Amino acid sequence: MKHTILVVDDNDINRLNLRLLLKDNYRVLEAGDLEAADEALSANRVDLVVLDLALPPEPDNPEIGMGYLQRLRSESPDTPVVVITGHDERSYAIRAQELGAQDFFGKPFDPDEVKSTIDRSLEAHFQAVREQEMQRALATQVNSEILGASDSMRALRALIEQVAATPSTVLVRGETGAGKELVARKLHEVSPRAGRPFIAINCAAMSEQLLESELFGYEKGAFGGSGSSRRKLGWFERAAGGTLFLDEVAGLPLTVQAKLLRVLEYGEFSRLGGEAILRSDVRLVCSTHEDLESRVAAGTFRDDLYYRIHVVVMDIPALRDHIEDLPELADAILLRKAAMCGKRMRPLSEEVLEQLARYSWPGNVRELENVIERSVVLAIGSEVESIPSLSGPLPVSGDVDPLKLWFQRLPDTGIRAEKAIAEFERQLVEEALERNQHIKARAGRWLGFGDRAKDKMRYLCDKYGIDLMDNP
């Protein structure tokens, strides 16, 4: 698919020459003034803007183009801009680059210079996108590979390789902390879309209006007031050609579900407050730790959307279900966390690995990351001698009551009942928050607090000093 270039120049001959120069390799749109440029940007996904600095209403004043460049960089920061300058405007070209222009070429046009500047600018832009995605992946993931020699992990890697080359929508299922985003990123990394953006959104962490505006974007004035004084591109546009990952898709409001369904069925959408029909070639990957079938039965998740995203399903096993992979995972995490802390650590001992293997890991690999990082930070010297604060439930099998196991852990020398009960309550609150994306109302309902869920959770969090980072 050809990349789209918008040429903004009030001179008809200049626009014609540029279209003839570029049409073999690019889809070329034209605009003779700023209003036409805004309309073209609203109605199309544009990969690069070629902007003449001398534009109406003052074609002899390069400041008009400079002002529009600043607006483009503010409203569409992911869209690179190449400016056109006259022979006496080179100082403006340098200023334009300081304001964010990717490059420039002069008038009269040199065909070779124009082509090489456009090609070089687009390649530099996409390379920067790739590098940003790599850095983001390194910052958010413990390891870029899906590790483990167990049958379940080998099967998961094989399925990713098989599905990656297709455009099919994928649903990734697994418990909190199991690595759903890592699977989505790996799927993108080995697909033909690897050079394009990977964008992840947590659907459960946003209000309905914010989520809708982030997904589809909005036009100037869409909401009234100062909050929408500029046009904003949504993630469907910014992820064009790449992958959009909707994490915890069960949290989508019904109104947003309807709009998402239309994108999946017809490949089109509109920005909020806009009428232009837009299209974006995006591979959609969704994830959930909830039972979507139960959501459908309860009427909180559309059945037609469920079948649209339920094309290919990837199930990530809980860590306790492939505990034989824990040594490999732990070693990889140890290397990364040690490097992050500026330490050189010896491999984990057999005793430490056995201690890790006896634990049930309710928080899965994410919890393992946190435990190992804490151990590296607190280690004296180059060896982790023991694992501190394994505070979750011990492994459970058969019909064993988890509460009885907790009782069995109490010391024979006796306890302070009030302190033990308070600690148990605190752990319940933290577990509820972890399982519900740290959203107070949802965590409170999970604990059975009913209509007073949010207020009760706020009280308990204040009581135990649990920081919720202003989550609702």
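What counts as what
Here, residues in each chain are numbered from 1, in the same order as that chain's written sequence. With pLDDT at 70 or above as the cut-off, local features in this predicted model cover only qualifying residues; side-chain atom pairs require 80 or more to be listed or tallied, and sums for whole chains, interfaces and linings still use all residues. Each side-chain value is worked out from all heavy atoms of the structure, with water and hydrogens disregarded. Per the convention used, a helix needs a DSSP run of H or I reaching at least four residues, while a strand needs a run of E reaching at least two, with both numbered from the N terminus. For this analysis, residues touch if any pair of their heavy atoms sits within 4.5 Å. Areas reported as accessible are Shrake-Rupley estimates using a 1.4 Å probe. Residue values count occlusion only from the protein chains shown. A pair of strands is labelled paired if DSSP reports no fewer than 2 bridges between them. Note on definitions: angles span 0 to 180 degrees between N-to-C directions of axes, and those axes are lines fitted to C-alpha atoms, for helices only across the stretch in contact. For salt bridges, the criterion is a side-chain nitrogen of Lys or Arg within 4 Å of an Asp or Glu carboxyl oxygen. Think of it in three bands: with a 1.4 Å probe and only protein chains considered, a residue is buried below 20% of the maximum accessible area for its type, exposed above 50%, and partly exposed in between. A helix is expected to span 1.5 Å multiplied by its residue count minus one. Grouping buried Ala, Val, Leu, Ile, Met, Phe, Trp, Tyr and Cys residues that are joined through side-chain atoms within 4.5 Å yields what is termed a nonpolar core. The score called pLDDT rates the predictor's confidence residue by residue, from a low of 0 to a high of 100. Each Phe, Tyr or Trp ring (for Trp, its six-membered ring) is paired with any other whose centre lies within 6.5 Å, and the angle between the two planes then decides the class: stacked below 30 degrees, edge-to-face above 60, tilted in between. Charge-over-ring placement is defined geometrically: NZ (Lys) or CZ (Arg) within 6 Å of the ring centre, and within 35 degrees of the ring normal.

What follows concerns the overall build of the chain. Helix and strand counts for the chain stand at 19 helices and 14 strands. Residue pairs at least 24 apart in sequence account for 68% of intrachain contacts in the chain once pairs closer than 6 positions are excluded. With the model as given, the accessible surface of the chain reaches about 23500 Å², and the carbon-plus-sulfur share is 50%.

Our next topic: the sheet that holds strand E6 (residues 170–173). Reading across the sheet, the 5 strands line up as E7-E10-E13-E6-E14 and stay open at both edges, with parallel pairing between neighbours. The sheet is open, and its two edges are formed by strand E7 (198–202) and strand E14 (312–315), each paired on a single side. Pairs of neighbouring strands in the sheet enclose a mean axial angle of 20°, with direction left out of account. Inspection of the sheet shows E6 paired to strand E13 (residues 283–288) by 4 bridges, in the parallel sense. Counted as the bridge partner of Arg 173 is Thr 288 from E13. Sheet strands in contact with helix H6 (residues 151–164) are E6, E13 and E14, and its direction is about 155° off that of E14.

A word on the pattern of salt bridges. Applying the stated criterion to the full structure yields 36 salt bridges. Measuring nitrogen to oxygen at the nearest pair gives 2.8 Å for the salt bridge that ties Arg 15 to Asp 12. Taken as a pair, Arg 15 and Asp 12 lie in helix H1 (residues 12–22) at a separation of 3 residues, close to a single helical turn. Asp 12 gets classed as exposed once you look at its relative accessible area, which sits at 53%.

Along an α-helix, residues three or four apart share an orientation, since each turn contains 3.6 residues. In this model, helix H17 (residues 417–435) (19 residues) spans 27 Å end to end at C-alpha, consistent with the 27 Å of a helix rising 1.5 Å per residue. Taken together, the buried positions of H17 are occupied by Ala 420, Val 429, Ala 432 and Leu 433. Downstream of H17 by one or two residues, Gln 437 has phi in the positive range, about 55°.

This next bit is on the sheet that holds strand E2 (residues 26–31). Taking strand neighbours across the sheet as the criterion, the 5 strands line up as E2-E1-E3-E4-E5 in an open arrangement whose pairing is parallel. Since the sheet does not close on itself, it has two edges, and those belong to E2 and strand E5 (103–106), each with one partner. Here the average twist between neighbouring strands, direction ignored, is 20°. Together, strand E1 (3–8), E2, strand E3 (48–52), strand E4 (81–85) and E5 form the strand contacts of H1, whose direction differs from that of E2 by roughly 170°. Together, E3 and E4 form the strand contacts of helix H3 (residues 63–75), whose direction differs from that of E3 by roughly 160°.

Within the largest apolar cluster, 28 residues are counted, with the highest numbers of intra-cluster contacts made by Leu 215, Phe 236, Leu 244, Leu 246, Val 249, Leu 292 and Ile 309. Of all the elements in the fold, those that place two or more residues in this core are E7, helix H8 (208–216), strand E10 (243–247), helix H10 (254–266), E13 and helix H12 (303–309). By residue number, the principal contributor to this core is H10, which donates 4 residues. Contact partners of Leu 292, with chain neighbours within four places excluded, come to Leu 171, Val 249, Ala 250, Phe 301, Tyr 306 and Ile 309.

Detail in the predicted coordinates should be disregarded across regions flagged by low pLDDT. A residue-level look at the chain finds 88% of positions with pLDDT of 70 or above and a mean pLDDT of 85. The lowest-confidence element of the chain is helix H16 (residues 402–408), averaging 62 in pLDDT; the highest-confidence one is E6, averaging 96. For residues 139–143, every residue scores under 50 in pLDDT, and the model assigns this stretch 11 contacts once sequence neighbours within four places are set aside. pLDDT under 50 marks residues 392–400. Its contacts with residues more than four places away, or in other chains, come to 15 contacts.

Summed over the entire model, instances satisfying the criterion amount to 7 aromatic pairs. Note on Phe 198 and Phe 245: the rings are 6.2 Å apart at their centroids and 25° apart in plane angle, and the pair reads as stacked. Of this pair, Phe 198 sits in strand E7 while Phe 245 is found in strand E10, placing the two residues 47 residues apart along the sequence. Across this residue pair, the class does not change: Phe 198 and Phe 245 are buried. One aromatic cluster is present, formed by Phe 216, Phe 236 and Phe 269 through successive ring pairs. The aromatic ring of Phe 449 is capped on one face by Lys 456, whose charged end is 5.8 Å from the ring centroid.

Counting buried positions over the 5 residues of E10 gives 5, a clear majority of the element. Burial of E10 is two-sided: the residues Thr 243, Phe 245 and Asp 247 facing one way and the residues Leu 244 and Leu 246 facing the other way are all buried. Examined bridge by bridge, E10 and E13 share 4 bridges and lie parallel to one another. By the bridge assignment for E13, Leu 246 is matched with Cys 286.

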